[in-house]
Amino acid sequence: MGKKAQGQVLIECPNTVFYLYVSDERDLSKIATFTRNLKKIREIGLNDIYMWCNRQGIAYRTRFHYRKEFSLLENMIAYIRYSQQKIKYQVLIGMA
């Protein structure tokens, strides 16, 4: 992260929390527009959020969220998918 973050915005998905870091008013405006548009979309995947953050130059980090209301198997499957996506994007970012 090149610029110092002045704040952060959380986007919670069923098993993943995205922490988007705001460094200026421009970043805040981009994130506000994105979250407004999220409310209009029926289905969005982690892939879409990862891609949007990278395209917009928004610094972020993710964290897996274990859901007690899901079974252990469902959480394990979700963690595997989360890990695969995270590794995929770390590799893609490293190649850029």
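Look up: the structure comes first, before these words.
Note that the coordinates shown come from a computational prediction; the quantities given were computed from them, not determined experimentally. (Residues numbered from 1 in each chain as written. Predicted model: local features only at pLDDT ≥ 70, side-chain atom pairs only at ≥ 80, totals over all residues. Heavy atoms only, no water.)

## Regarding the pattern of salt bridges
Just so we agree on the cut-off: In the sections that follow, a salt bridge refers to a side-chain nitrogen of Lys or Arg positioned within 4 Å of a carboxyl oxygen of Asp or Glu. Exposure is judged per residue with a 1.4 Å probe applied to protein chains only, and the accessible area is read against the type maximum: over 50% gives exposed, under 20% gives buried, and values in between give partly exposed.
What the rule picks out here adds up to 1 salt bridge. Across the salt bridge formed by E69 and R67, the nearest N and O atoms sit 2.7 Å from each other. Residue E69 is classed as exposed on the basis of its relative accessible area of 55%. Relative accessible area serves as the criterion here: at 23%, R67 is assigned to the partly exposed category.

## Remarks on helix 1 (residues 25-38)
Put simply, the test is: Secondary structure elements follow DSSP: runs of H or I of four or more residues count as helices, runs of E of two or more count as strands, with numbering from the N terminus. By this rule, a helix spans an expected 1.5 Å times one less than how many residues it contains. As used here, the arc belongs to the directions running from the helix axis to the C-beta atoms. Whenever two N or O atoms come within 3.5 Å, that pair is a polar contact, provided that in protein one can donate a hydrogen and the other can accept it, and provided that, for residues adjacent in sequence, both atoms are side-chain atoms.
Over its 14 residues, helix 1 extends 20 Å from the first C-alpha to the last, a length consistent with the 20 Å expected when each residue adds 1.5 Å. Those residues of helix 1 lying buried are D27, I31, F34 and L38. Looking straight down helix 1, one finds that the buried residues subtend no more than 60° of arc, so they occupy a single side. Exposed and facing more than 90 degrees away from the buried side of helix 1 are E25 and R26. Between the side-chain oxygen at the start of helix 1 and the backbone nitrogen of R26 there is a gap of 3.2 Å, and the oxygen is on D24.

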